[in-house]
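# Descriptive analysis of the structure
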Amino acid sequence: MIELKGVTKIYELGGEKIYALDNVNLDVEQGDFIAIVGPSGSGKSTLANIIGGLDIPDAGQVLVDGKNITEISDEDLSAFRNRKVGFIFQTFNLHPTYTALENVMIPLMLARVSLKDRRKRATLCLRVVGLKDRMNHLPNQLSGGQRQRVCVARALANNPQIIIADEPTGNLDSKKGGEIVELLKSLNKQSGITLIVITHDQSVAKQAGKIISLRDGQIT
Amino acid sequence: MRFFDYIWTALKNFSRQKVRTFLTVMAITVGSLSLILMMSIIVGLRQSIIDAFKSMGAFNLVTVTRDPNATNDNPQLITASNNDPSQEEGRKIDDTTLAAVKKIPNVVDVTPIVSVWAKTIRLEGQDKKMWSNTMAYKPESNVFNLSLLAGRNLNSSDMDKIVVGTQFAQTYGYTGNPQELVGKKAILSYDGGGGSVPDWGPLPQKPPENADKDWWDSQQKKGINIEAEIVGVVDDRTTDNGQSYINIAWARRLMTNVYWKNDDEARKQCEINFQQEQEILKQQAASKQDAEKFDGGNSGCDSQASMKIFKEDNFTKNGYGSIIAKVNDEKNVEATGEAISKMGYGVTTAKNMIDQMNKIFTGISLLLGVIGGISLFVAAIGIINTMVMATFERIREIGVLRACGATRVTIRRIFMYEAAFLGFCGGVLGLIISIALAQIAKLLIKKFGADLGNLPLEHIGNFPWWLVIAVICFTTFVGLISGLYPAVKASRLNPVDAIRYE
């Protein structure tokens with residue numbers, strides 16, 4: 001489904017070139033559960049962002065269903081992220097003045113879905129993550145685990161093919177973190193959504209079907 | 001995103017920083033308020049003045065004057081006696097002209113207009129004099145619609161009656177009670193005219209035998225006073241021209257010169273008679289020597305005894321000063337003016353006046369608009385500040401939106417719509433406040449309006465629909481422009497960096 005060919009990403013830091021990714025080749029198949037592990041600064045997030053079309057490599061190709069997304073317009077790339085990808089972040093990044101429901105509706109609003117369908121779809125997503133009774137709460141009225149569930153619901157809104165979770169359990173205790181991982185796993189199993197999880201947590205990585213270990217921008 | 005999604009997003013974001021949003025909107029409100037008030041004062045003032053002229057029917061009037069370029073029918077009219085040579089050029093305006101103008105289609109009625117020669121006017125029993133500024137017209141004509149403060153308008157049979165202006169009432173302390181002027185006498189004063197007097201009042205003194213220069217000078221110094229009964233006080237506070245009005249039939253009498261002069265015909269006859277008598281006497285003379293005595297000799301014809309009263313009607317001789325024609329509709333004024341112009345006369349319509357007035361008002365409103373615009377410019381800087389702050393605060397949010405599939409254009413629009421919405425709110429708020437202020441001002445004017453004198457204020461605080469729309473559009477546009485820079489800045493953020501931003 002997604003194929004990375006010779007992907008290279010370079011950052012300049014104080015005049016010095018740093019290879020965040022160095023000639024990475026990777027195949028992601030539909031329904032995969034991939035864990036990306038590695039030390040800080042090894043290029044995990046960069047790899048995930050490039051897979052999700054949020055970042056563009058300096059060299060190499062990212063083929064989505066055979067189409068190179070490194071050369072398409074901002075509009076098409078944004079549409080790709082909107083329809084095919086769901087992002088989950090360590091710091092949740094929920095809109096503070098939007099209710100849980102309104103936060104989940106953001107990707108639907110960007111997709112120009114009608115107000116009625118937005119509400120319907122967002123409610124369904126919140127039910128999937130078990131937050132139906134909390135949908136009119138603001139983020140600061142929710143616990144950390146609940147907030148991350150809202151993020152999962154938001155990632156699910158447009159029925160994506162792939163969910164990219166960057167340290168989803170990093171800000172949660174192990175119990176709440178475990179619940180989130182279970183939730184993501186069930187989505188992967190039941191709906192066949194491709195799951196890419198960046199993690200430090202070995203217990204999370206162990207549950208993945210495939211572990212990609214990065215070091216200095218290269219898969220080891 | 002749909003249009004209403006942008007508005008919803010903007011509202012949600014405003015609610016995050018309520019105080020800052022309020023202050024930013026207030027700045028625009030003050031800016032738009034100053035712009036609206038200044039514009040509405042100008043628009044209102046202009047409307048008031050136009051309405052005042054309209055109520056007088058001034059927009060339907062065409063003034064016919066002599067055109068100095070037109071050929072004069074009667075060159076003999078050019079005499080040295082008249083001190084105003086411009087009056088002598090061009091085609092004479094007389095009753096024939098009057099009839100011809102009246103026949104032009106769409107002309108309702110016409111009146112001759114003459115500026116009465118009287119030099120000064122005063123209230124009987126008062127020493128203070130005013131320049132007379134008295135105009136004569138045909139009261140029975142349906143041309144003027146003089147609105148009165150007291151008394152009545154002139155009618156066709158009024159002879160020694162006058163309608164005075166508000167300046168007259170003001171000068172003699174009758175501003176508050178003009179009705180008390182009615183029935184009092186006004187005195188119109190003329191120069192002596194060198195032994196000639198108006199055809200009103202006593203006849204001039206017959207020059208004595210051998211009248212010399214000193215005698216004529218004394219006649220000149222005597223002056224003539226004409227009494228006129230005040231029948232009305234006209235309301236000319238708008239035009240403030242201080243004009244008084246009399247019946248043209250009376251003006252004709254006042255402007256007819258009555259004077260003593262040797263009767264040329266009688267003298268000729270007298271000379272002929274004298275010659276004949278001399279001839280007869282010559283023939284009857286006994287001797288040739290006797291006959292020669294009858295050659296020459298004083299006929300005695302050129303004496304005071306042969307003097308006679310003469311009357312010279314100036315209207316017949318020189319015509320009227322001008323004609324004012326009333327046209328049935330404002331739309332026809334121009335065409336009527338052209339028709340009259342073709343007849344060889346000068347034409348003035350209120351259109352020229354309105355054009356002039358519009359020019360002045362455009363100038364003033366531009367000036368005031370610039371002043372109002374400066375305050376809006378300051379408000380625009382406030383919007384830029386607010387929006388730049390907002391982009392900094394919302395960098396992570398922008399990153400998340402990008403991750404969720406927002407394009408650069410969408411991000412730019414979110415910020416621009418927000419800024420435009422701030423401008424829109426400021427404009428609407430400014431309008432509401434200024435309408436409220438105008439209502440208060442109206443109440444105050446109603447209460448204390450009399451003290452404000454001649455200023456026509458009834459239209460101030462009326463907001464024409466175009467001003468309302470223009471102001472809202474303008475403040476919205478100012479917001480949009482102010483939002484441009486922050487919006488572009490926000491849309492260019494790298495989404496990855498934005499999400500990580502602390």
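Each residue is numbered by its place in its chain's sequence as written, counting from 1. Each chain gets a letter, beginning with A, and each ligand a number, beginning with 1, in the order they are written. A pLDDT threshold of at least 70 governs which residues receive local features in this predicted model, and a stricter bar of 80 or more applies before side-chain atom pairs are shown or counted, although totals over entire chains, interfaces and linings include all residues. Water and hydrogen atoms were dropped before computing side-chain values, which therefore reflect all heavy atoms in the structure.

What follows is about the overall build of chain A. Looking only at helices and strands, chain A features 7 helices and 10 strands. Burial here depends on accessible area, computed with a 1.4 Å probe over protein chains only, as a share of the maximum for the residue type. Under 20% is buried, over 50% is exposed, and the range in between is partly exposed. Taken over 220 residues, chain A has a buried fraction of 56%. Note on contacts: a residue pair is in contact if any heavy atoms of the two residues lie within 4.5 Å. In chain A, 72% of the contacts between residues at least 6 apart in sequence involve partners at least 24 apart. Carbon together with sulfur atoms contributes 46% to the accessible area of chain A, which is approximately 9,600 Å² in total. Working definition: helices are DSSP H or I runs of at least four residues, strands are E runs of at least two. Numbering for both runs from the N terminus. Only the protein chains shown count as cover for residues, and all accessible areas are computed by the Shrake-Rupley method using a 1.4 Å probe.

Moving on, we get to the overall build of chain B. A count of helical and extended segments in chain B gives 15 helices and 15 strands. Split into buried and exposed, the 502 residues of chain B put 44% on the buried side. A fraction of 83% describes how many contacts in chain B between residues 6 or more apart in sequence connect residues 24 or more apart. Surface accessibility of chain B: about 26,000 Å² in total, with carbon and sulfur atoms responsible for 57%.

Contact with chain A, which involves 27 residues of that partner, is made by 25 residues of chain B. Of the roughly 2,400 Å² buried between chain A and chain B on both sides combined, carbon and sulfur atoms contribute 58%. Put simply, buried area is the surface a 1.4 Å probe can reach on two separate parts but cannot reach once they are joined, added for both. On the chain A side of the interface with chain B, the three residues burying the most area are M109, L110 and R112 of chain A, jointly 22% of the side's total. The term salt bridge refers to a pairing of a side-chain nitrogen on Lys or Arg with a carboxyl oxygen on Asp or Glu at a separation within 4 Å. Counting every contact that joins chain A to chain B gives 3 salt bridges. Ionic pairing is found between D74 of chain A and R402 of chain B, a salt bridge with its closest N-O pair at 3.1 Å. Here a polar contact is taken to be a pair of N or O atoms separated by no more than 3.5 Å, where protein atoms must pair a possible hydrogen donor with a possible acceptor and residues adjacent in sequence count only if both atoms sit in side chains. One can count 14 residue pairs in polar contact (both at pLDDT 80 or more) joining chain A with chain B. Mapped by element, the contributors of at least two residues to the side of chain A that touches chain B are α1 (44–51), α2 (74–84) and α3 (100–110) of chain A. The residue inventory of the side of chain A that touches chain B, partitioned by class, reads 10 nonpolar, 9 polar and 8 charged. When residues are sorted by character, Ala, Val, Leu, Ile, Met, Phe, Trp, Tyr, Cys and Pro go into the nonpolar class, Asp, Glu, Lys and Arg into the charged class, and all the rest, Gly among them, into the polar class.

All names here are of chain A. DSSP bridges decide pairing: two strands pair if at least two such bridges lie between them. Spatially, β2-β1-β4-β5 is the arrangement adopted by the 4 strands of the open sheet, whose pairing is antiparallel. Whereas interior strands pair on both sides, the edge strands pair on one side only; in this sheet they are β2 (16–28) and β5 (67–68). Bridge analysis of strand β1 (residues 2–13) against β2 gives 9 bridges, and the strand direction is antiparallel. Paired with Y11 across the bridge in β2 is I18. Those strands touched by α1 are β1, β2 and β4 (59–64), and its axis lies near 130° from that of β1. For helices, the axis comes from a line fit to the C-alpha atoms of the stretch in contact; other axes are also lines fit to C-alpha atoms, and the angle between any two N-to-C directions lies between 0 and 180 degrees.

With that settled, consider the confidence of the model for chain B. Low pLDDT means the predicted atomic positions in that stretch should not be read closely. All names here are of chain B. Along the chain, pLDDT gives the predictor's confidence residue by residue, from 0 to 100. For chain B, the mean per-residue pLDDT works out to 82, and 88% of the residues sit at or above 70. Confidence drops under a pLDDT of 50 for residues 74–87, and excluding neighbours within four residues, the segment shows 13 contacts in the predicted structure. Reported confidences for the modelled complex are a pTM of 0.66 and an ipTM of 0.94.

What follows is about the side chain of Q243 of chain B. Here Q243 of chain B lies in the loop between β10 (224–234) and β11 (244–247). Every residue in contact with Q243 of chain B, bar those within four places of it in the chain, is listed here: N133, M135, V164, G165, V234 and D236 of chain B.

Our next topic: the sheet that holds strand β9 (residues 197–198) of chain B. In any sheet, the strands associate via hydrogen bonds between backbone groups, in a parallel or an antiparallel arrangement. All names here are of chain B. In spatial order, the strands read β9-β12-β13; together these 3 strands make up an open sheet with antiparallel pairing. Whereas interior strands pair on both sides, the edge strands pair on one side only; in this sheet they are β9 and β13 (307–313). Where β9 meets strand β12 (residues 256–262), 2 bridges bridge the pair, whose relative direction is antiparallel. Each residue of the ladder has a partner; that of P198, found in β12, is N257.

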